[in-house]
Every structure is written in C-alpha cells, then in structure tokens.
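What follows is each chain in one-letter form.
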Amino acid sequence: MYDIIIVGGGVIGCSIARTLSKYDKKIGLIEKNYEICQETTKANSAIVHGGYDCKPGSLKAKMNVKGNSMFPELSKDLDFTFNKIGSLVLAFSEDEMKTVEELYNRGIENKVQGLEIIDAKRVKEIEPKVSDQVVGALYCASAGVVDPFNLTYAMMENAMDNGVELFTETELIGLEKNHDGILVKTNNGDFQTKYVINAAGLYSDKIANMGGDYDFNIIPTKGVYRLFDKKKSDTINTVLFQTPTERGKGVLVTATYDGNTMIGPTSDKIGTVEDTTTESESLAIIDKLGKLSVPDLNPKNTIRVFTGVRAKPNTGDFMIYASKNMEGLVHCGGIESPGLVSAPAIAEYVEEILIENGMDTKKNPNYNPKRKGIVRISELSTEEKSEKIKENPAYGKIICRCETVSEGEIIEAIRRNAGAKTVDGVKRRVRAGMGRCQGGFCGPRVIEILARELNIDPTEVRKDLSGSKIVERHLKK
Amino acid sequence: MLNYDLVVIGGGPAGLAAAVEAKKNGIDSILIIERDRELGGILNQCIHSGFGLHEFKEELAGPEYAQRFIDQVNELGIEYILNTMVIELNKDKEIIALSEDGLINIGAKSIVLAMGCRERTAGAVAMNGYRPAGVYTAGMAQRMMNMEGLMVGKEVVIYGSGDIGLIMARRMTLEGAKVKCVVEISPQSSGLNRNIAQCLNDYDIPLYLSHNINKVHGKEKIEGVTICKVDEKWQPIKGTEQYFSCDTLLLSIGLIPENELTVNAGIEIGEVTNGPKVKSNMETSMEGVFSCGNVLHVHDIVDFVTKESRVAGKNAADYIKGINDSDGKKLFETEAGNGVSYVIPNYVVSGGKDGANLYFRSRKPYKKVEVKVLIGDKVIKTKKMPAMIPSEMVNIPLSPEEIANLNDKIKVEVKEIGK
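Computed from a predicted structure; not experimentally measured.

Criteria and thresholds
- Residues numbered from 1 in each chain as written.
- Chains lettered and ligands numbered in written order.
- Predicted model: local features only at pLDDT ≥ 70, side-chain atom pairs only at ≥ 80, totals over all residues.
- Heavy atoms only, no water.
- Salt bridge = Lys/Arg side-chain N within 4 Å of Asp/Glu carboxyl O.
- Helix = DSSP H or I, 4+ residues; strand = E, 2+ residues; numbered from the N terminus.
- Buried < 20%, exposed > 50% of the residue type's maximum accessible area, 1.4 Å probe, protein only.
- 1 Å grid on protein atoms, 1.4 Å probe; cavity = no way out; pocket = protein on both sides within 12 Å on 5 of 7 lines; lining within 4 Å.
- Points joined across faces, edges and corners; volume = space filled by probe spheres on them.
- Nonpolar A, V, L, I, M, F, W, Y, C, P; charged D, E, K, R; others polar.
- Pairing = 2+ DSSP bridges.
- UniProt positions renumbered as here; feature names shortened; annotations may be inferred.
- Contact = heavy atoms within 4.5 Å.
- Buried area = accessible area lost by both parts, 1.4 Å probe.
- Polar contact = N/O pair within 3.5 Å; in protein donor to acceptor, adjacent residues only side chain to side chain.
- Axes fitted to C-alpha atoms, helices over the stretch in contact; angles between N-to-C directions.
- Left-handed = near helix turned anticlockwise from the far one by under 90°.
- Phe/Tyr/Trp six-rings, centres within 6.5 Å; stacked < 30°, edge-to-face > 60°.

S.K.: Outline the pattern of salt bridges, supporting the account with residue identities and numerical values.
M.R.: The full count for this structure, using the stated rule, is 70 salt bridges over all chains. A salt bridge links Asp 24 of chain A to Lys 362 of chain A, with the nearest nitrogen and oxygen atoms 2.9 Å apart. Of this pair, Asp 24 of chain A sits in the loop between helix H1 (11-20) and strand S2 (27-30) while Lys 362 of chain A sits in the loop between helix H8 (339-356) and helix H9 (382-391); the two residues are 338 residues apart in sequence, bridging distant segments of the chain. Judged by its relative accessible area of 35%, Asp 24 of chain A is partly exposed. Between Glu 260 of chain B and Arg 118 of chain B there is a salt bridge, and its shortest N-O distance comes to 3.3 Å. Remark: Arg 118 of chain B occurs in strand S9 (residues 117-119) and Glu 260 of chain B occurs in helix H7 (residues 260-264); sequence separation between them is 142 residues.

S.K.: Can you lay out empty space enclosed by the protein for me, pointing to particular residues and giving the numbers?
M.R.: In total, this model carries four cavities of 30 Å³ or more according to the counting rule given. Counted by class, the lining of the largest cavity contains 20 nonpolar, 11 polar and five charged residues. Lining the second largest cavity, in full, are Ile 398, Ile 399, Arg 401, Phe 441, Cys 442 and Arg 445 of chain A together with Arg 35, Asp 36, Met 85 and Arg 143 of chain B. Among the residues making up the lining of the second largest cavity, the classes are represented as five nonpolar, no polar and five charged.

S.K.: How would you sum up the sheet that holds strand S4 (residues 82-83) of chain A? Please name residues and give values.
M.R.: By definition, the strands of a sheet pair up through backbone hydrogen bonds, in either a parallel or an antiparallel sense. Residue and element names in this part refer to chain A. Taken in spatial order, the three strands of this open sheet run S3-S8-S4, and their pairing is antiparallel. At either margin of the open sheet sits one strand with a lone partner, and together these are strand S3 (47-48) and S4. In terms of strand pairing, S4 meets strand S8 (residues 144-146) through two bridges, oriented antiparallel. Looking at S8, one finds that Asn 83 is bridged to Val 145.

S.K.: Break down unusual backbone geometry for me, with residues and values.
M.R.: Residue and element names in this part refer to chain A. Between Gly 264 and Pro 265 the backbone carries a cis peptide bond, its omega angle lying at -10°. The peptide bond linking Ser 337 to Pro 338 adopts the cis configuration, its omega dihedral lying at 0°. Relative to the helices and strands, Pro 338 resides in the loop between strand S20 (329-333) and H8. A positive phi is found at Asn 455, a non-glycine position, where the angle reads about 55°. Within the secondary structure, Asn 455 is located in the loop between helix H12 (443-454) and strand S23 (473-474). According to the relative accessible area criterion, Asn 455 is exposed, its value standing at 71%.

S.K.: An account of the sheet that holds strand S14 (residues 178-183) of chain B is requested, with residue identities and associated values reported.
M.R.: Residue and element names in this part refer to chain B. On the basis of which strands lie adjacent, the open sheet formed by five strands has the order S11-S19-S13-S14-S15 and parallel pairing. Because the sheet does not close on itself, it has two edges, and the strands there are strand S11 (135-137) and strand S15 (207-208). With three bridges joining them, S11 and strand S19 (residues 248-251) adopt parallel strand pairing. The residue of S19 that forms the bridge with Thr 137 is Leu 251.

S.K.: Account for the UniProt feature "domain: BFD-like [2Fe-2S]-binding" (unreviewed entry) in chain A, with residues named and values stated.
M.R.: Feature annotation in UniProt places "domain: BFD-like [2Fe-2S]-binding" (unreviewed entry) on residues 398-452 of chain A, given in this structure's numbering. Between the C-alpha atoms that bound residues 398-452 of chain A there is a distance of 17 Å. The span itself is 49% helix and 9% strand.

S.K.: Kindly report on the interface of chain B and chain A, identifying the contributing residues and their values.
M.R.: The interface is formed by 47 residues belonging to chain B together with 50 residues belonging to chain A. The junction of chain B with chain A conceals about 4300 Å² of combined surface from both sides, 56% of it contributed by carbon and sulfur atoms. Across the contact surface, chain B and chain A share six salt bridges. Note that Lys 219 of chain B is salt-bridged to Glu 274 of chain A, the shortest N-O span being 3.6 Å. On the surface where chain B and chain A come into contact, there are 18 residue pairs in polar contact (both at pLDDT 80 or more).

S.K.: Report on the pairing of strand S14 (residues 239-242) of chain A, specifying residues and quantitative values.
M.R.: Residues and elements named next belong to chain A. The two faces of S14 match: Val 239 and Phe 241 on one face and Leu 240 and Gln 242 on the other face are all buried. Where strand S5 (residues 87-91) and S14 come together, four bridges link them in parallel fashion. For Val 89, the partnering residue across the bridge sits in S14 and is Phe 241. Two strands pair when backbone bridges link them, and S14 and strand S15 (residues 252-255) are joined in this way by two bridges, in the antiparallel orientation. In the strand pairing of S15, Val 239 is matched with Thr 254.

S.K.: I'd love a proper account of the environment of Lys 221 of chain B, names of residues and values included.
M.R.: When you line up the elements, Lys 221 of chain B lands in the loop between strand S16 (211-217) and strand S17 (224-229). Sequence-wise, Lys 221 of chain B and Tyr 136 of chain B are 85 residues apart; in three dimensions their C-alpha atoms are separated by 12 Å. What Lys 221 of chain B contacts, discounting residues up to four positions off in sequence, is Gly 467, Lys 469 and Ile 470 of chain A together with Pro 132, Ala 133, Gly 134, Tyr 136, Val 152 and Asp 247 of chain B. There is a polar contact of 2.8 Å between the side chain of Lys 221 of chain B and the backbone oxygen of Lys 469 of chain A.

S.K.: With reference to specific residues and values, describe the side chain of Thr 84 of chain B.
M.R.: All names here are of chain B. If you trace the backbone, Thr 84 turns up in the loop between strand S5 (79-81) and strand S6 (85-89). Among the residues examined, Thr 84 registers a relative accessible area of 2% and is labelled buried. In this view, Thr 84 contacts Ile 33, Glu 34, Arg 35, Ala 97, Leu 98, Ser 99 and Ile 104; residues no more than four positions away in its chain are not counted.

S.K.: Got a sec to walk through the packing of H1 of chain A against helix H5 (residues 148-161) of chain A? Specific residues and values, please.
M.R.: Residue and element names in this part refer to chain A. Direction vectors running N to C along H1 and H5 enclose 30°, while the axes themselves pass 8 Å from each other. Handedness of the H1/H5 crossing: left-handed. Residues Val 11, Cys 14, Ser 15, Ala 17 and Arg 18 of H1 form the contact with H5, whose participating residues are Leu 151, Thr 152, Met 155, Met 156, Asn 158 and Ala 159. In the contact of H1 with H5, the residues fall into seven nonpolar, three polar and one charged.

S.K.: Lay out the pairing of strand S7 (residues 136-140) of chain A with the relevant residues and their values.
M.R.: Side-chain positions along a regular strand alternate between the two faces of the sheet. Residues and elements named next belong to chain A. Within S7, five of the five residues are buried, which leaves it mostly tucked inside the rest of the structure. For S5 and S7, the ladder comprises five bridges, and the chain directions are antiparallel. The residue bridging Val 89 from the neighbouring strand is Leu 138, located in S7. Here strand S6 (residues 115-119) pairs with S7 via five bridges, running antiparallel. Bridged to Leu 115 within S7 is Cys 140.

S.K.: So, the packing of aromatic side chains: which residues are in play, and what are the values?
M.R.: Residue and element names in this part refer to chain A. Scanning the entire structure with this criterion turns up 13 aromatic pairs over all chains. Measuring from centroid to centroid gives 4.9 Å for Tyr 225 and Phe 306, while their planes differ by 15°, and the two rings are stacked. Here Tyr 225 is found in strand S13 (residues 218-228), whereas its partner Phe 306 is found in strand S18 (residues 302-313), with 81 residues between them in sequence. Judged by relative accessible area, which is 5%, Tyr 225 ranks as buried. On the accessibility criterion, Phe 306 (15% relative accessible area) is buried. One aromatic cluster in this structure is built from Tyr 2, Phe 167 and Phe 191.

As structure tokens, then:
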C-alpha cells in the first residue's frame, strides 16, 4: 500500500518526489521510459526565466517567480549547475522598445527581481556579440541557465536517498477508485495508493481523462534547436531573447550551462506529442532569426540539432489542481515553458494541495535535503585532480576526450540512485559524448562500461529509449 | 615535473615516425604520450590491406604497418606511456597529462603534435527526421567491429563517400550485412578511386552521386532513409525520392583535425586545413613545437604521413641540438593558386637545408592537367598529370637548391591542358 504514486519522471515528477520525501510516506514514482528525464525535460531551452512575460495573476507567473527565487539555494543543496547569467530581451526599433517597457511593467507587477531597461551601449557591454542594430533591451539579472538533466537526476537521487521508490518501464494504463484510495494499473503490476500525482507532461491530459477529468488538452508544439561547438569565437555570455511580436516569442540565442551556444526553438503545432523530428526548413528559420540577435553565428560549427515537444495546454495556464471526479488524484498538467524554472515551486504547490486534501504531515525522520553531484574531473584544480586519482585511479582514465570525462565519472553515473542505463543517460549525467565528436571516440567505451556495470551483454545496451539497441550481435569470437 | 628533450603527443603513425626519426638523429630523451590502450592509432582498426605501397613497396594491413614502427620504437628503446591524455600545453612547452597514475607535469625542449583527427558527425549535416539509434560515424563502427568484435547492423546505408565509409561498405558486406547504397551529395566521390572500385564495384554496391538523404525514418532505432537527387546547389529535386529500409546508417562525411590543445596553446591555425600553420621544417607558430600527420591536415594515405612526420622528427631533433632551420631565415608563404584548395607547408624557409615537400589538393576533379609551382611569376617546376581529384593528395618535393634563394611567395596552380 502506497501513500503516493507519482506518474512521470520528468523534472516536475522528480521535483514533487523530492519535496514529498520529507514526509513519512511510502512514495513511488512510475516512468514509462527506460530511464527518467527522457521526454520534454531532456530537450528544452534550459532557462531559468525571470518571470516578466507571464500574465500577472496566472499560476505560471506565480510559479515562475517563486521557482526562480528557489534556484540559487536549490542548486547548492543538490549540487547541479545553475548559472545566473542574466537575460536580455533585445529591441531593434523604438516600437519594440515599447514592448520592452510593457514587459518591464509586467515584470514589476509579477515581482520579478533584478529588472532594468538598458540602452544599446549597455547591451553591447554585457554582450558584445549582439547585432549593432540593437536599440535597447530589458535586462533581467535574476535569469539564468541550468543543467536540466542533473537538476532532474539530483531531485530523483535525493528523493530516493530519502526513501522514494522508482519504477521505470512502468506505464500507467488505468486508474480505478476503490475503498482504499486509487488502484494504479500499469504494465508492470498494480499499485494501491491513497494519492496519485499526474505529472505526465505530454500525456498529462490523457492521464486526467483516466480520472474522468476533461478540463484541458495538450496541443503538441515542437521546438527545433541547434547546438554549437564550444569554440571561443561563438561563445556568448547571456540569454538573448527577441522582443515578442504577433508572430511569436522570437528565437533565442543562449549560452548553455556548460558554455556551448544554442539557438532555437521554433514553435510548430504538430499532430502528435511523439513527433520530435527535425526539418531543414525549421533550422533555416532559427538560423535566420538567430542571426538578427547575433550576426556572427555560423551553422558550420553545429555539433547537434534536436527537437523537443512542449506540453502546451489549451487553457493557456498550468493546470495544477485536485480532481473533482476522483478523490486523491492531483493533476500537474500542461507544464510548458516556464515549467523548468517553476518545477520546485510547483512541487511545493502540490504539497499544499495534498495537505488541503487531508494528507497528514508527519515528518520523515531521516530526511536529508542535500545531495552531492558527480565530481567533474575537468573542473577540479590540479591538486584536487591528483587527490581524486590517488583515491580511485578510474578518475585518471579519460574516456571522453572532447569533454575530458573519466571512467570514474561514468561508473558513478551508472551506480547512483536512478543511475544511467543508456549511452545517452551517461551523456546527460556526465557529458561523455556531449562534445564535438558526439561519441565517435567514446561511444564504444561507454557501451563497454555500461555492459560491464549493468552486467548485461553489449547487445543489450541502449542508446536512449527502450527500442534503441546499438549492437546487433557478436562477431566470431 | 618530468623533463624530456622531445615529447611527442600522439602514438599513431605520425607520432611514431617522428619519434623514430628524432631518435635516429641523436635524441635519446624522448617520450611518446598516447591516450588509447595501445600504440598505432587508428591504423589498429584498419584491418584491410593497402598500406605501405610507397613506404615499404608492399601491401600491408593497418596494424601491420603500425607494428613496423612500434617495433622500431621498442628496438630503439623510445619511452612511451599509454592511457594518458594530455589536457594542456602551455607557452613554456609544459604539458599536463592525466592517467590512472595521476596528473603528470612534463617539460620539453621540443614537442611534436601528432593528435590525429576526428570524424564529422550527424549534427554537422542536419538530416530531416528523428535521431534514432543505428546512426554511427563510419570510424566508430569500424572500431566496434574490428577491435571490439561487435557487429552493428544487418541492412546498411552509407552517407558520404569518404574512404572509411567505402571500406566499411566492403567490411560489413564480408560480415554478412546487406549494404544498400552509398549516398554522396557531391557530383564526385570524396574517396579514393581504388576504394570505389575495390569496395563498391566489386560487391555491386550502388553509389548515388548528387544525392542527399532527405529523411531519416524511425524514432528509437533507424528503420530506413529516403534519398533524393539534388541540383547543383544541393537542393532536392522533387519526384526523385527513393526509400531504402535499413537498421544502420554510417556517416562518412569528412574528418577534422583535433586541435583543441593547439588552439588553447595559442598556436596559429590554418582556415582550410583546420590544422596548425607550419613552415617547411614542420614547425608551428610556437618555436620548437612541430606538427605532422592528420592533426596538421587530413591525409588519404599513411605513407605520406610517415614521410611528413620524418621531416618533423628530424627538425625537432635539430632544434634540440640548437639548430633551428627556420631561425633567422626568411619565410615565404605558400599560396593555393588556381584550382588548388590548400598547400602545406604554409611557409617555406628560404635556404631550408632539407628543401620543402609541398602537399596539396585540387579544388575539383580535373582531367589532364599541368601543375605548376611558381616563385613569384617564375615557374620552377611543372608536373603533368592524367587526372586530378580532390580526394587524392599530390606531393611535389622542392630541393634545397630550388629554394636556396627564395625571394617571393611560392604558388601552386593547376591548368587544364585539354583532351
């Protein structure tokens, strides 16, 4: 008998798991994929938004601004990268400056910290690579970029440290109300629980339907991105937005948490939430728009293109509420942008809803909110490197040349709670294969280490999703 | 801190040949640093034959070719360390490397950069569709098959006609896979003619020139590709689509020299080659630091790498002995003239004691050409060739006498001389 079953191992589900792990409860998180962090959380802009563009009074505005204020401490507690590098909304005409002012006023109303309207000269000081056409900008000092993967893994690892159980490859197929609460039916057996939290992202509307709720639909909308090599010539320092127009929010050019430059996303309505295809037409669009902000960007330096799908709700706001049809069911639906920054605030909001709905608040006596991240050999000082290698020689054995990732780090990524089971899982945790050769050199080594650590045959190792096996068979031995 | 006269970064064919040559020229304190588990570099995964025709006048497999140099390294007692990755090279010629034994600081009088190259990846070509499993660079698949004993697939399409891709077409066929086709966006192959003949034609594998991959099908694992014809501007031509089912897509779309260390050390890099700019003695813009092999520019045959690396090794040895062939002498730039994409070395040392070996490639395929080497407006050498293609590097040596009294730029140009 569970107290709480959380559906979905994205950043929202994992944040909720971690927040609720402070209570003395039996909590399970079910994820249909092979690993956590394999859908919307793995492919987005990775931005900790300030919160000035959300409609005042909306749940989005509240969650964003609160979430933003939680990031500095959270990143320390959970040891993931959050770089408060600030954002600029660039205006290229006096007309656009008016929009910048509107955004500023809206931001003040939303109680956003660190907002300022600045002139072209200041813009160029902050970000010399911005186009000379710039007239001014809205500067938001509280915005930044985050490592979205390690944010999510950190939440889940910490939740598991505090007793939460994780069930991967476990897909929800039905919800049934009974006298003990809710029976959660999955392809991996049934779970009897008091509360169910729907944090199923792209599938949150379908899960809501299972509980008899039809208040919102997900409009699948995809975004195409281009990620650049870490060449010094392409490096930028901030998050650059364009002034929103009737045509949309514009394309952003941003530094990533690790110092690559990235452009995107498009915003195309698509037929299904499964469609993460990338088209050359979309890339041409982001290239053209990206150049308006930073003319020097050269697509030749691309190392990866990718596409994410937003869990866009037709209601225009996050749908976080307790079901009226099924007691004990709480929805966290339609979490599109700014969902990533809102995640920790959403988790606390869900906590309040559960308490309002009768959850007792007996504390978990063993709760520890802190988690230590995987050591990054490339970031250590000379002395620290030597010490770490002396402690364990595997940290001196470099597997990924481009990002200087050691075997020790990869082993740690696999052995941890909610550890890596796939080549991409290793990549997202420790960056092996995230660099300019994209795993061309380290791929075979990572497969070998995964097979050894997971005690499986190399033919069983996956790239990412369940059906993504890499090796066909052994050649003659 | 350890100190050596010469440190060679990279234990592939370039690094090995340079070290051997330096040793033969009287340098005893030499260290080769290799990041992989064994010496020999990428040659270890090239188990096909065809290596050494120029160098040894016989046909060797890649590991055999490498072994000849590994044997010399051992016989000459040259020191090397494996599983060691150089993470930094600074302006004082100090090296920091990481290994299981810890962090190593090494000082050197002279350094040879021989780090090789890497393959261009899928991100560089941005195909339409998903990013499923089953898409590999040809070199990665080659390593998996030939060194790890793991077969990557059954039905294969190859994108790009680089040599590694062509060789993998044959290799996978021999292991029982069906190679459906090789798709090349250019009107000509980027691989050697002999590989087209021996790896594709001999096995009836079609090569689709002026074709592009329109779409990659399959989300978790690749299921197929749609290819189509392209016009001169590489734009797809409607109605020419063809579908091929496959569980494997190999990319053979070019190689890029691995110069992160070089760039971070502040050494000047050439725009076309993506490798360090070198003088005719193979010295980079950092005094006493030499370079050779694929880290300098991508070669199509290893025999040329060996030849070039000997020059680097010998000059590194001279430098250690206090003779710097470029010191105090005038340098003249080389220029890629009509029809030529680049020339290595980037500078020729006037009066250089070993002359200069010019390596270059044509911009496009030519039939019947005359290659001219000019100093200023004066033609000093001509070479008639029945054909010239970008994938085949050409070498013209200049003797010490020919560059004894340089007074102007050296230009290489190609002129078609008709049918």
